[in-house]
Structures are given as C-alpha cells and as structure tokens.
Amino acid sequence: MTSAAPAPTIDLTAPESFARGQPHDQFRWLRTHDPVHWHPEPDGPGFWAVTRYQDVKAVGRDPGTFSSVPTIMIPDNEGALDAGDHQMMITMDPPDHTGHRKLVSSQFIPRAAKAMRPRIEQLAAQIVDGVVERGECDLVEDIAGLMPSYVIADMLGIPLEDGVALYRLTETIHAAPESRPPGAALGAVLEMFNYARQVWERKREEPGGDLATRIAFASVDDKGLDLIDFNLFFILLIDAGGDTTRNLVAGGLDALFQHPDQLAWLAADCDGRLATAVEELLRWISPVVYMRRTATRDASLAGAAMVAGQKVVMYYGSANRDEEAFGPTADQLDLARSPNDHVAFGGGGPHFCLGAHIARIEIDALLRQVLSRLRELEPAGPTEWLASTFISGPKHLPVRFRPGA
Ligand code: HEM
C-alpha cells in the first residue's frame with residue numbers, strides 16, 4: 001500500500017471485520033501508519049492495538065509491565081471465570097503462573113509429545129476412516145474438530161466422545177451472546193463444572209497415570225489444589241487446545257485450496273515438505289487473533305505513551321505478516337519458507353503455548369492423512385468463517401473427494 005492509498009475503516013472489535021478471515025488490510029495500514037494504535041471499545045475504555053512483530057514480542061515477554069491479570073480478552077468480564085480468588089493459569093502472572101504451569105508442563109515437552117505421536121497418528125487415521133467412503137463431508141466438524149478433542153480427552157484420561165461433547169460446551173460458552181438461547185452459556189458452564197467434578201472424584205478414588213489424576217493430587221507452594229482449581233485447569237485444557245488446532249487444519253486447507261500451486265507442491269512430497277508447510281500455515285492463519293495484557297505501570301512502546309491500567313492487545317495475525325520480520329514476501333503463502341519465526345503460539349513469554357509441540361504433531365498427522373487418502377479433494381461450497389474477534393478459522397468448510405476405502 002502506498003501512503004496515498006485511502007485508510008481502511010479500522011474496527012478490530014467488529015465481528016464483521018473477521019467474517020472472511022483476519023482483516024489484513026486494517027493490519028497493514030496500522031503497521032505502516034500507527035503501529036501502537038489507540039482503539040475505541042464499545043462498552044469499555046478502549047485499548048492499545050499492537051500490530052508490529054517486534055512490539056508484539058516485547059509486550060508478551062514483559063509480564064512485569066504487561067500483566068495477564070485480570071483477563072486475556074478485551075472485555076474485562078470475559079475470559080476470567082468468576083471463581084473467587086481462584087484463577088486459570090492463563091490469567092496469572094509469575095510467580096503464581098510459574099508454579100501452576102510446572103504442574104503440567106512435563107506432559108507437554110517435546111519428548112512427551114513425541115511419545116504421543118503413534119497414538120495421534122492412529123487417531124488421525126481413525127478420523128479419516130470415518131469419512132473416506134462418503135465422498136463428502138464438512139472438514140471442520142467431521143475432521144479438523146475431532147482431533148484436538150480426542151487428544152486432550154486421552155491426556156486427561158476420559159473417553160474420546162466426552163472430549164468432543166465437552167468441546168461443544170466450550171463453543172456454547174464462547175458463542176456471541178446474540179447467537180445462543182438465553183441461559184445457554186451458564187448452563188454450559190454448570191455442565192462443564194459438573195463433569196469436571198465427577199472426574200475429580202473418580203480420579204481421587206481411582207488414580208491413573210493421566211493428567212487429570214496429576215492435577216487432582218497436585219499442590220503449589222505446599223498448598224493442595226482444590227476442586228475449583230481442578231475445574232479451572234480442566235476447562236483451560238479442553239478450551240485452549242480445541243478450536244486453535246481445528247482452525248489451523250481447516251483454515252490451512254482452505255488456504256491451500258486458494259493456492260493450488262502450493263497444494264500440488266506439498267502433496268507431491270508430504271514427507272519432505274510438511275515440516276515447513278505446517279509452520280507457514282500457522283503463520284498464515286494465526287488461529288489466535290490476539291491476547292490482551294494490562295499495563296501495570298506507565299510505559300512507552302513505539303512512541304505511544306501508555307498509562308498504568310490500560311489494556312494492551314497483541315495482534316498475532318498482524319505480526320505474522322510484518323514485512324520487517326518476514327521480508328517482502330510476508331504477504332505470500334510460501335510453504336517452503338525457512339526460517340519462519342512466527343508468533344502464532346505467542347511471542348515467547350511465560351505463557352507461550354503449552355501445547356505447541358502436541359499441536360504440531362496433531363496438524364502434521366491430520367494433514368498427512370487428508371492429503372494422502374482423500375483423493376481429488378476440493379471445496380464443495382463456500383467456506384463459512386467464524387465471525388469472532390478472538391479466534392480465526394472456518395466454521396464450516398464443505399468438501400468433496402473420490403470415495404475410497
Ligand atoms: C494451532 C494450535 C494452537 C495455537 C495457534 C495456540 C496458540 C496459543 C497462544 C497464542 C497462546 C498464548 C501465548 C501467550 O500468551 O504468549 C496459547 C496458550 C496456551 N495454549 Fe495453545 N495453541 C494451540 C494449540 C494448543 C494445544 C493443542 C493445547 C493443549 C493440548 C494448548 C494449550 C495451551 C495452554 C494451556 C495455554 C496457556 C499457557 C499458559 O498460560 O502458560 N494449545 N496457545
């Protein structure tokens with residue numbers, strides 16, 4: 001864009017801005033003209049929209065100045081469940097956060113993730129088995145959405161189908177208020193808490209080798225976690241891993257349909273090319289649109305004067321298209337891109353995505369199955385995008401393919 005190009009209307013709080021994927025025209029204008037932009041907020045005081053790569057990293061890596069308390073969503077009353085003095089670790093700062101993350105982090109390190117690969121590959125095959133004879137399906141519902149729910153269910157030590165049912169509850173909780181029946185969100189929270197309580201009771205009676213057992217018996221600073229702590233952990237794990245991986249796989253395939261040369265290049269040698277392709281699709285889709293922080297003190301960022309208490313929002317999708325970080329091809333999908341130091345999993349601070357290694361294996365296994373077994377795969381209708389200002393990805397992606405065995 002030249003400086004003479006008219007400025008697009010900037011509105012990062014409008015769901016319509018995200019109704020066809022991320023608003024890259026707005027992001028491009030902001031990076032060039034106002035990289036730390038004061039953005040008005042309906043029913044709120046406003047926030048700083050941070051759109052350049054280096055600034056996003058700087059905010060994410062400085063929890064002393066940019067706190068995750070009280071919430072990581074733009075509205076103050078979202079993303080932090082009202083649970084008295086109990087918090088999810090994603091809305092904590094160090095040192096509280098450090099102690100909580102340590103409880104579970106050993107299950108997410110590269111070695112643990114690698115050990116899960118055979119099981120994840122088996123699940124990917126099972127998911128594609130479920131559709132391969134049909135010749136058509138919804139890529140979001142029937143393929144991409146199942147994998148993360150199955151994997152987290154396995155990790156927690158609950159039945160696979162329960163993982164899918166619980167994930168649907170998180171969708172109800174996150175749906176735009178106008179799109180769900182009155183009371184539905186509260187009902188879903190109660191159902192989720194009720195399920196989590198039963199898991200807590202069962203695991204304390206019959207401990208297993210799973211993550212839920214570990215959390216049910218855990219303590220931080222010699223203080224045992226209680227049922228509410230357990231519930232919050234449980235919901236965070238179901239939630240954080242669910243729609244992100246789904247949106248990456250479905251959004252990634254949507255991007256490949258729009259770039260048939262890239263799709264053909266990848267399909268010709270999945271073994272040799274998937275590793276860089278997965279990283280590029282993460283950069284391209286950036287399923288998490290933003291994370292919010294709150295300034296703990298007055299601070300300056302790229303010339304913007306921030307005041308203690310103001311909201312500061314990191315736009316990962318924008319940082320991932322920043323020409324200063326990715327060069328003149330930042331706006332091109334290049335599945336061979338290397339290096340590719342994207343920020344789809346965060347900019348590297350204490351909250352850097354816990355599930356990043358597992359997510360990569362899930363995405364790799366699923367794309368491998370889809371590309372090798374669903375022959376002549378093509379869209380069978382328009383892609384419908386989630387109109388969410390927080391999570392980016394397709395809601396429905398109808399596809400057809402040659403039925404196989
Ligand atoms: C494509 C898939 C995924 C993407 C793009 C993604 C992205 C992110 C991002 C941007 C954050 C916040 C980073 C920050 O604030 O610095 C995050 C945090 C988190 N993610 Fe992921 N994620 C994905 C998959 C997963 C999976 C599969 C799991 C679990 C199995 C998971 C569990 C978590 C947890 C627990 C946190 C909070 C970590 C903390 O507060 O310390 N994520 N993720």
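Scope of this entry: the structure provided in the associated data block. (Residues numbered from 1 in each chain as written. Predicted model: local features only at pLDDT ≥ 70, side-chain atom pairs only at ≥ 80, totals over all residues.)

### Comments concerning the pairing of strand β2 (residues 47-50)
For a regular strand, side chains alternate in direction, first toward one face of the sheet and then toward the other. Quick reminder of the rule: Put simply, a residue is buried when 20 or more other C-beta atoms lie within 10 Å of its own C-beta and exposed when 12 or fewer do; between those, it is partly exposed, and each C-beta is set from the backbone. Put simply, DSSP H or I for four residues or longer makes a helix, DSSP E for two residues or longer makes a strand, and each gets a number counted from the N terminus. Only when DSSP finds a minimum of two bridges between them are two strands counted as paired.
Burial along β2 is two-sided: F47 and A49 facing one way and W48 and V50 facing the other are all buried. In this structure, strand β1 (residues 36-39) lies alongside β2, joined through 4 bridges in antiparallel fashion. Bridging across to β2, W38 finds its partner in W48. Pairing between β2 and strand β10 (residues 311-315): 4 bridges, direction parallel. Bridged to F47 within β10 is K311.

### Topic: the site of the ligand
Threshold: A residue counts as near a molecule or strand when its C-beta atom, positioned from the backbone, falls within 6 Å of it. All residues other than Ala, Val, Leu, Ile, Met, Phe, Trp, Tyr, Cys, Pro, Asp, Glu, Lys and Arg, Gly among them, are scored as polar; the first ten of these are nonpolar and the last four charged.
Around the ligand sit 28 residues in total, of which G241, T244, G346, C353 and G355 are the nearest. Counting only elements with at least two residues in the shell around the ligand, the list comes to α6 (146-156), α10 (227-258) and α15 (356-373). Split by residue class, the shell around the ligand holds 18 nonpolar, 9 polar and 1 charged.

### Description of unusual backbone geometry
For residues that are not glycine, phi is negative in most cases, and the peptide bond is trans in most cases. Omega for the peptide link from V69 to P70 comes to 5°, which places this bond in the cis form. Mapped onto the elements of the fold, P70 is located in the loop between β3 (66-67) and α3 (96-105). Between P94 and the following residue, P95, the backbone shows a cis peptide bond with an omega angle of 5°. If you trace the backbone, P95 turns up in the loop between β3 and α3. The phi angle at A302 is positive, at roughly 45°, despite the residue not being glycine. Mapped onto the fold, A302 is located in the loop between β8 (299-301) and β9 (304-306). On the basis of neighbour counts, which here come to 15 C-beta atoms within 10 Å, the residue A302 falls in the partly exposed class.

### Description of the packing of helix α8 (residues 184-205) against α10
Selection rule: For every element, the axis is a line fit to its C-alpha atoms; helices are fit only across the contacting stretch, and the angle between N-to-C directions ranges from 0 to 180 degrees. Each angle is binned into one of four classes, with values under 35 degrees roughly parallel, values over 145 roughly antiparallel, values of 65 to 115 roughly perpendicular, and all other values oblique. Left-handed describes a crossing whose near helix is turned anticlockwise from the far helix through less than a right angle; right-handed describes the clockwise counterpart. By the convention adopted here, residues make contact when the C-beta atoms placed from their backbones lie within 7 Å.
Taken N-terminus to C-terminus, the directions of α8 and α10 make an angle of 115°; their axes are 9 Å apart at the nearest point. Compared by their axis directions, α8 and α10 come out roughly perpendicular. Handedness of the crossing formed by α8 with α10: right-handed. Contact residues: M192, F193, A196, R197, V199 and W200 in α8; L227, F230, N231, F234 and I235 in α10. Considered class by class, the residues forming the contact of α8 with α10 number 9 nonpolar, 1 polar and 1 charged.

### What about the sheet that holds strand β14 (residues 398-402)?
Ordered by their spatial adjacency, 3 strands build an open sheet running β4-β14-β11, and the pairing between neighbours is antiparallel. Edge positions in the sheet fall to β4 (136-138) and β11 (375-379), since each of these pairs with one other strand and no more. Taking the axes of each pair of neighbouring strands and ignoring which way they run, one obtains an average angle of 25° across the sheet. Strand direction decides the pairing type here: β4 and β14, joined by 3 bridges, are antiparallel. Its bridge partner being in β14, E136 is matched across the sheet by R400.

### As for α15
The following threshold applies: The span one expects for a helix is its residue count, reduced by one, times 1.5 Å.
In this model α15 runs 26 Å from its N-terminal to its C-terminal C-alpha over 18 residues, within 8% of the 26 Å that 1.5 Å per residue would give. Along α15, the residues classified as buried are I358, A359, R360, I361, E362, I363, A365, L366, L367, Q369 and V370. Looking at the packing, one finds that the buried side of α15 touches α4 (110-132), α5 (139-144), α6, α10, α12 (270-285) and β11.

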